[in-house]
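Inside the fold
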Amino acid sequence: MVPDPARGELRPDPARRSDVDEWGRSERWRHVARQVGGCYYRRWFRVEWEGIANVPLEGGALLVANHGGALPADAPMIMQGIEEQLGRPVYGLADSFFRTVPVVGTIWSRAGGVPAHPDNAQRILSDHGRLALVFPEGEKGPSKLVSERYRLRRFGRGGFVEAAMRAGVPIVPIAVVGSEESMPILLRLPRAARALKLPYLPVTVNHLLLGPVLGSIVHLPAKFRFRVLEPVTFDVEPGLAKYERGRVMDEAEAIRQHLQEALYDMLSQRRSIWFG
Amino acid sequence: MGRRILITGLDTFWGGRVAAALEADAGVEMVLGMGTGTPSVPLERTEYVRADSSYSLLARIVKATQVDTIVHTFLVVDSSAMSARAMHEINVIGTMNLLAAAGAADSSVRQVVVKSSSLVYGANPADPAWFSEDTPRSRPARSRLERSLVEVEGYVRDFTESNPEVTVSMLRFANVLGREITTPISRNLARGVMPCVAGFDPLIQFVAEDDAVRCLEAVVLGSIGGTYNVAGDGKIPVSEVASIGGARRLPISPLLTRQVAAPLIRLGWLDLPGELESLLRFGRGIDTSKLKATGFEFSTSSAGAVARCAETIRLRKAVGPHLAPYRYDADVEAFFKHSPAIVRSPAPLKTRSARSATAAGTARAARSTPHS
């Protein structure tokens, strides 16, 4: 890739010894992540896409998806799929909690994770014109019980809509089916989670089947399906500090509804959790 | 009439280097330095007053010398250098007295330059990748050092509001590395170790000492007001700092980090002040586009600053301390500066363009365009 200063890519620096970029992402690490992720992508979750043509081939766009499973595998799988099929890097915006976890936080960052902060979103989407992936449900998505699966939580406070408006980029909703069943949560242990300073501490089906250690990291081989919906554009002036609260909330709710309907549609056509 | 400039902390690396740069400028009529120790840089025509660190003397000096510019370089940014109380005295009380003197009723001061630090942004998990000058901290400052710097900036802001006729420049420097300056990180690299918090490899930023001095110089001579971030391009992971600096990484437990590091620090195997520990955990990036928009150009990147420090360490290892340490002697200095026995050449000052290759210390630094 030829560096383009307008996109924040710096001239090659002779003093540098690694390829870690300003977000902590390293293409070398990404390559390793793709090798590992590729196995999961093809063999384990057997990912299938619908409407991937809705993801723009150039310019910034904010990918918005539903989140599920105690340790959500949907984020790396979406990043993997778009990088493989479109050759575009995807930056995964996630809660800054990741940064506080030793080792995991570093690997997450090297593999393309970025703390979800409005300034970071603006830089990735507008200044660098790249793809960012965000889960507006936040931790409420993956922490929901198996009985609540595929019922979308509140989409935060609409921050993702505001970020897209400010950057002047479209929102591309992606409906994800399969991740909820890859690590379904039976119950949560809120007190233990607080004591361990974790956002949530689940007991999953995987724990019952595989024990406490393996069950925390091995997913069940559910069939993953991603459906990319029509991009949503906003007819507003980009770059403003604030956007009308009501409009932002309405747009966020509309996207949530749209995703929810797509999920119901996909689930009504699904014959098997494991074979799709 | 040329500029009359007062510099605080003349005995520190910063004050000395900035004085050397400014006294070589033909547009500067007089440079006066204050400090608690003795200057560590040979200076041509800078006058020196020894004062206590809280500057109770300052109001009198400002009045008597009619300086038009105060360059406040004497802010402590290394909490391991002294006790918290002494640091508070220097940073907060010193700045308060300095601004009081500058803002006195019939004050001659027209520009105040404060050398602050990117420590005012802190290093927290919820931080953005890049701080711009008006991004707020994501968590309130907890350490004594950060709190004192935040307090200093508060005083400076108040001063700016109540003295609109004074140009106030506040520069927030990233960690400085280079050939001469000694910081906790450079001391670690010189020992061949780079401490890190096990499991964390955040991105950090550096500015080369030459760029830092040039930036202060440009802001003074160009009378550029406002708050600016100062850091070299790019951010580099701590692991890469170690590899560029030729040091081994020394991982310290992410839990009870202070307790684990304390004996190593006591033994002198390691430098790890509290502010460095949080930096090594979460990193920090400051956006310098506002400074670059004024026309300032950096001579090197973050990685380049580390490389310059590493070069010096290698040279010292090979030939020992290659630069003869300068010793200040008040009588000798007074003789050379004021004795009628000294034959003074009619044009002792070089103009800005002619001295670009000789200005002390900045010899290899590419010059920015003058803003005058």
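Residues numbered from 1 in each chain as written. Chains lettered and ligands numbered in written order. Predicted model: local features only at pLDDT ≥ 70, side-chain atom pairs only at ≥ 80, totals over all residues. Heavy atoms only, no water.

A word on the confidence of the model for chain B. Taken residue by residue, chain B gives an average pLDDT of 88. The fraction at 70 or more is 91%. Across residues 353-372 of chain B, confidence stays below pLDDT 50; counting only partners more than four residues off in sequence or on other chains, it has 42 contacts. (pLDDT = per-residue confidence, 0-100. Contact = heavy atoms within 4.5 Å.)

Let us look at the packing of aromatic side chains. All chains considered together, the criterion is met by 14 aromatic pairs over all chains. A centroid spacing of 5.6 Å and a plane angle of 75 degrees characterise the contact between Phe155(A) and Phe160(A), whose relative ring orientation is edge-to-face. Across the pair, exposure class does not vary: Phe155(A) and Phe160(A) are buried alike. Residues Phe13(B) and Trp14(B) carry aromatic rings whose centres are separated by 5.7 Å and whose planes lie at 85 degrees to one another, so their mutual orientation is edge-to-face. Through a chain of ring-to-ring contacts, three or more aromatic side chains come together here, namely Tyr40(A), Trp44(A), Phe45(A), Trp49(A), Phe224(A) and Phe226(A). Here the basic side chain of Arg25(A) rests over the ring of Tyr91(A), its NZ or CZ set 4.8 Å away from the ring centre. Over the ring of Trp130(B) we find Lys235(B); its NZ or CZ atom is 4.6 Å from the centre of that ring. (Phe/Tyr/Trp six-rings, centres within 6.5 Å; stacked < 30°, edge-to-face > 60°. Buried < 20%, exposed > 50% of the residue type's maximum accessible area, 1.4 Å probe, protein only. Lys NZ or Arg CZ within 6 Å of the ring centre and 35° of its normal.)

Contact with chain A, which involves 23 residues of that partner, is made by 27 residues of chain B. Together, the buried faces of chain A and chain B total about 2,000 Å²; carbon and sulfur atoms form 51% of this surface. Of all residues in chain A, Arg17(A), Glu22(A) and Arg99(A) bury the most surface against chain B, accounting for 27% of the area lost on that side. The salt bridge partner of Glu240(B) is Arg16(A), with a shortest N-O separation of 2.7 Å. Here the side of chain A that touches chain B gets 3 residues from one element, more than from any other, and that element is helix 4 (residues 118-127) of chain A. Across the side of chain A that touches chain B, the residue classes tally to 7 nonpolar, 7 polar and 9 charged. (Buried area = accessible area lost by both parts, 1.4 Å probe. Salt bridge = Lys/Arg side-chain N within 4 Å of Asp/Glu carboxyl O. Helix = DSSP H or I, 4+ residues; strand = E, 2+ residues; numbered from the N terminus. Nonpolar A, V, L, I, M, F, W, Y, C, P; charged D, E, K, R; others polar.)

The next subject is the side chain of Ser272(A). On the secondary structure map, Ser272(A) appears in the segment after helix 10 (245-269). For Ser272(A), the side chain forms a polar contact with the main-chain nitrogen of Phe275(A), separated by 2.9 Å. (Polar contact = N/O pair within 3.5 Å; in protein donor to acceptor, adjacent residues only side chain to side chain.)

For the rest of this paragraph, the subject is the sheet that holds strand 2 (residues 28-35) of chain B. Residues and elements named next belong to chain B. Pairing in this open sheet of 7 strands is parallel, and the strands run 3-2-1-4-5-6-11 from one edge to the other. Both outer strands of the open sheet, strand 3 (47-50) and strand 11 (226-230), are each paired with one neighbouring strand and no more. Recorded for the sheet is a direction-independent mean angle of 20 degrees between the axes of neighbouring strands. Of the pairings in the sheet, the one linking strand 2 to strand 3 comprises 4 bridges and is parallel in character. Across the sheet, the residue bridging to Gly33 is Tyr48, located in strand 3. Against the sheet, helix 2 (residues 58-65) contacts strand 1 (3-8), strand 2, strand 3 and strand 4 (69-72), and its axis sits at roughly 165 degrees relative to strand 2. Sheet strands in contact with helix 3 (residues 84-102) are strand 1, strand 4 and strand 5 (111-117), and its direction is about 175 degrees off that of strand 4. (Pairing = 2+ DSSP bridges. Axes fitted to C-alpha atoms, helices over the stretch in contact; angles between N-to-C directions.)

Now for the pattern of salt bridges. Pairing between side chains of opposite charge can happen when their charged atoms approach one another. Residue and element names in this part refer to chain B. Inspection of every chain in the model, using the stated rule, returns 36 salt bridges over all chains. Of the charged contacts, one joins Arg17 and Glu180 as a salt bridge, the two residues approaching to 3.6 Å between their closest N and O atoms. Within this pair, whereas Arg17 is found in helix 1 (residues 13-23), its partner Glu180 is found in the loop between strand 7 (175-177) and helix 5 (184-191), the two being separated by 163 residues in sequence. Residue class for Glu180 comes out partly exposed when judged on its relative accessible area of 38%. Here Arg258 ties to Glu277 by a salt bridge, and the two come within 2.8 Å at their closest N and O atoms. Highlighted residues: Arg258 in helix 8 (residues 257-266) and Glu277 in helix 9 (residues 274-282), separated in sequence by 19 residues. On the basis of relative accessible area, Arg258 is assigned to the partly exposed category, the value being 35%. Residues joined in a network through salt bridges with shared partners are Arg17, Arg179, Glu180, Glu209, Asp210, Arg308 and Glu311.

Proteins that are soluble and globular tend to have nonpolar side chains buried together. Leu6(B), Leu58(B), Val62(B), Ile70(B) and Val112(B) are the most contacted members of the largest nonpolar core, which has 39 residues in total. For this core, the secondary structure elements donating two or more residues are strand 2, helix 2, helix 3, strand 5, helix 4 (144-162) and strand 6 (167-173) of chain B. No other element matches the 7 residues that helix 3 of chain B contributes to this core. With 37 residues, the next largest nonpolar core counts Trp23(A), Ala164(A), Met165(A) and Val232(A) among its residues. (Core = buried A, V, L, I, M, F, W, Y, C linked by side-chain atoms within 4.5 Å.)

Residues and elements named next belong to chain A. Spatially, the 7 strands line up as an open sheet ordered 1-9-6-2-5-3-4, and their pairing is mixed. Of all strands in the sheet, those bounded by a partner on one side alone are strand 1 (48-50) and strand 4 (113-115). Each strand axis lies, on average, 30 degrees off the axis of its neighbour in the sheet, ignoring direction. Here 4 bridges tie strand 6 (residues 171-177) to strand 9 (residues 225-228), and the two strands are oriented antiparallel to one another. Bridge pairing links Ala175 to Arg227 in strand 9. Lying on the sheet, helix 10 is in contact with strand 2 (61-65), strand 6 and strand 9; it crosses strand 6 at an angle near 30 degrees.

A cluster of basic residues, Lys140(A), Arg154(A), Arg157(A), Lys242(A) and Arg245(A), forms a positive patch on the protein surface. If you trace the backbone, Lys242(A) turns up in the loop between strand 9 and helix 10. (Patch = residues over 30% accessible without salt bridge, like charges linked within 9 Å, V, L, I, M, F, W, Y side chains within 5 Å. Areas by Shrake-Rupley, 256 points an atom, 1.4 Å probe, with all protein chains shown as cover. Lys, Arg positive; Asp, Glu negative; His and termini not counted. Charge placed at Lys NZ, Arg CZ, Asp CG, Glu CD.)

Residue and element names in this part refer to chain A. With respect to the helices and strands, the residue Leu220 is situated in the loop between helix 9 (214-217) and strand 9. We classify Leu220 as buried; its relative accessible area is 12%. Once the C-alpha coordinates of Leu220 and Ser179 are considered, the two residues, 41 residues apart in sequence, prove to be 9.2 Å apart. Apart from the residues within four sequence positions on either side, Leu220 is in contact with Trp44, Phe45, Glu181, Ser182, Pro184, Val205, Asn206, Leu209 and Trp274.

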